[in-house]
Amino acid sequence: MLTRKDGYLRPLEAEVPAASRSLEARGYALLEAVFAADAVAALAAEIEAVYERVPRDDRTDGRRDPGEDDDFRYEMFNRSALAQQAIAHPRILEVIEPLLGEDCHVIANTCWRNPPRAQAEHGGGAWHVDSGPHVPRPQGVPWDDRIPYPVFAIGAHLYLQDCPLACGPTGVIPGSHRSGRPPPRERPFAMDLEYEGQRVLPLLARAGDVALFVSDVWHRRLPTDEGDTGRFFLQAHYGRRDIAQRVRTTAVANHVAPEAEARIASKRERTLLGLHRPFFYDG
């Protein structure tokens, strides 16, 4: 746990919510009934209007089926006042701030509206981490438990409808954020994947709940089953102040003057100046 004092991050000695401890130790937490039914209904209606008003962003340059691109709407706090209000809910901030600092900020804000679909090219269907690992280590090098494991970014799913097992909820491998490694590439869909004896835990949720997970934790969308009604949730990623925002793509929001961009002579120079292809968070 940490706090920013005199401009620097320092260890936090104060009491923190149990969910903060769960995120630090296990990589996930579930906050129940953060939003009442009427608040969920109003937020869902406003977001549905965004889907009607704003065309899909097509951020993948043809790498994903256009039908699946239509599942997503980005930069939601710019497009919905209620989304902007929801991601600032005090119950969320009181949990994440002891891990990211009181000056943490939203680095991405995307809505997911996945209809029932037997197979999907996206939806986080394979085991992955959202960014990092932020402290990469080879296998066999244990973490010194005297040092609290650092957290740099936390994802949040604000559920707008129930997400039972049949709907393919997010599954996490508890403690895997401490591995210093991404999930094994040779087992992208393995349901028996484990880390230090911990196997997949589905984050089952009801409308109004908020699931939180550390960006480094191994996670995926679990397979759907009979009775799948799709998924509908507002996603927000929160990062330390030092982590760049990816709410908009760098093609739109960047620090590169037109004359500097005209001088770019290579792909590496583009990324060096901060012009990146959309990937995690912004794509």
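Provided above is the structure to which this section pertains.
Everything in this summary refers to the structure shown in the same document. (Residues numbered from 1 in each chain as written. Predicted model: local features only at pLDDT ≥ 70, side-chain atom pairs only at ≥ 80, totals over all residues. Heavy atoms only, no water.)

Remarks on the overall build of the protein
The number of helices and strands found in the protein is 8 helices and 13 strands. Its C-alpha atoms give the protein principal-axis dimensions of roughly 55 × 50 × 40 Å. Across the 283 residues that make up the protein, the buried fraction comes to 48%. Sequence-distant contacts in the protein: of pairs separated by 6 or more residues, those separated by 24 or more amount to 83%. Of the roughly 14200 Å² that the protein leaves accessible, carbon and sulfur atoms contribute 52%. (Helix = DSSP H or I, 4+ residues; strand = E, 2+ residues; numbered from the N terminus. Buried < 20%, exposed > 50% of the residue type's maximum accessible area, 1.4 Å probe, protein only. Contact = heavy atoms within 4.5 Å. Areas by Shrake-Rupley, 256 points an atom, 1.4 Å probe, with all protein chains shown as cover.)

Notes on the sheet that holds strand 11 (residues 210-214)
One open sheet holds the 6 strands; their spatial order is 3-11-6-13-5-4, and the pairing between them is antiparallel. For this open sheet the edge positions go to strand 3 (28-31) and strand 4 (72-73), each flanked by a neighbour on one side alone. In the sheet, strand 3 pairs with strand 11 via 4 bridges, with the strands oriented antiparallel. Pairing of Ala29 across the sheet is with Leu212, part of strand 11. (Pairing = 2+ DSSP bridges.)

Describing the sheet that holds strand 12 (residues 219-221)
Read across the open sheet, the 3 strands follow the order 10-7-12; overall the sheet is antiparallel. Strands at the two margins of the open sheet, each flanked by one partner only, are strand 10 (201-202) and strand 12. Note: strand 7 (residues 170-172) against strand 12, 3 bridges, orientation antiparallel. Looking across to strand 12, one finds that Gly171 is bridged to Arg220.

So, the pattern of salt bridges
Within this structure, the stated rule accounts for 12 salt bridges. A salt bridge links Arg73 to Asp70; the nearest nitrogen and oxygen atoms lie 3.0 Å apart. The exposure class assigned to Asp70 is partly exposed, which follows from its relative accessible area of 30%. Across the pair Arg178 and Asp145 runs a salt bridge, and its minimum N-O distance is 2.4 Å. One end of the pair, Arg178, is in the loop between strand 7 and strand 8 (194-195); the other, Asp145, is in the loop between strand 5 (105-114) and strand 6 (153-159), with 33 residues separating them in the sequence. (Salt bridge = Lys/Arg side-chain N within 4 Å of Asp/Glu carboxyl O.)

Describing the environment of Ile47
Tracing the chain through its elements places Ile47 in helix 2 (residues 37-53). Note: C-alpha distance between Ile47 and Leu160 (113 residues apart in sequence) is 9.8 Å.

Some details on the packing of aromatic side chains
With the rule as written, the count across this model stands at 6 aromatic pairs. On the basis of an interplanar angle of 85° and a centroid distance of 4.8 Å, the ring pair of Phe72 and Trp112 is categorised as edge-to-face. One end of the pair, Phe72, is in strand 4; the other, Trp112, is in strand 5, with 40 residues separating them in the sequence. The burial state of Phe72 is the same as that of Trp112; both residues are buried. On the basis of an interplanar angle of 65° and a centroid distance of 5.6 Å, the ring pair of Tyr195 and Trp218 is categorised as edge-to-face. Taken together, the residues Tyr195 in strand 8 and Trp218 in the loop between strand 11 and strand 12 connect sequence positions 23 residues apart. Of the two residues, Tyr195 and Trp218, both sit in the buried class. Three or more aromatic residues joined by ring pairs form one cluster here, namely Phe72, Trp112, Tyr159 and Phe233. (Phe/Tyr/Trp six-rings, centres within 6.5 Å; stacked < 30°, edge-to-face > 60°.)

Let's talk about helix 1 (residues 18-26)
Residues of helix 1 that are buried include every one of Ala19, Ser20, Ser22, Leu23 and Glu24, and no others. Buried residues along helix 1 sit against strand 3, helix 6 (90-100), strand 6 and strand 11. Where helix 1 ends, the next residue or the one after it, Gly27, has phi of about 90°, a positive value.

What to know about the nonpolar core
Generally speaking, nonpolar side chains in soluble globular proteins are found buried as a group. Residues Ile47, Leu158, Val210, Leu212, Leu234 and Tyr238 are the most contacted members of the largest nonpolar core, which totals 39 residues. Among the elements that take part in this core, helix 2 stands out by supplying 6 residues, more than any other. (Core = buried A, V, L, I, M, F, W, Y, C linked by side-chain atoms within 4.5 Å.)

Here's the deal with the pairing of strand 2 (residues 8-11)
Strand residues, when the strand is regular, have side chains that alternate between the two faces of the sheet. Note that strand 1 (residues 2-5) and strand 2 share 4 bridges and pair antiparallel. Each residue of the ladder has a partner; that of Arg4, found in strand 2, is Leu9. Taken together, strand 1 and the strand that follows it, strand 2, pair antiparallel across an intervening segment of 2 residues, in which Asp6 is found at a positive phi of about 55°.

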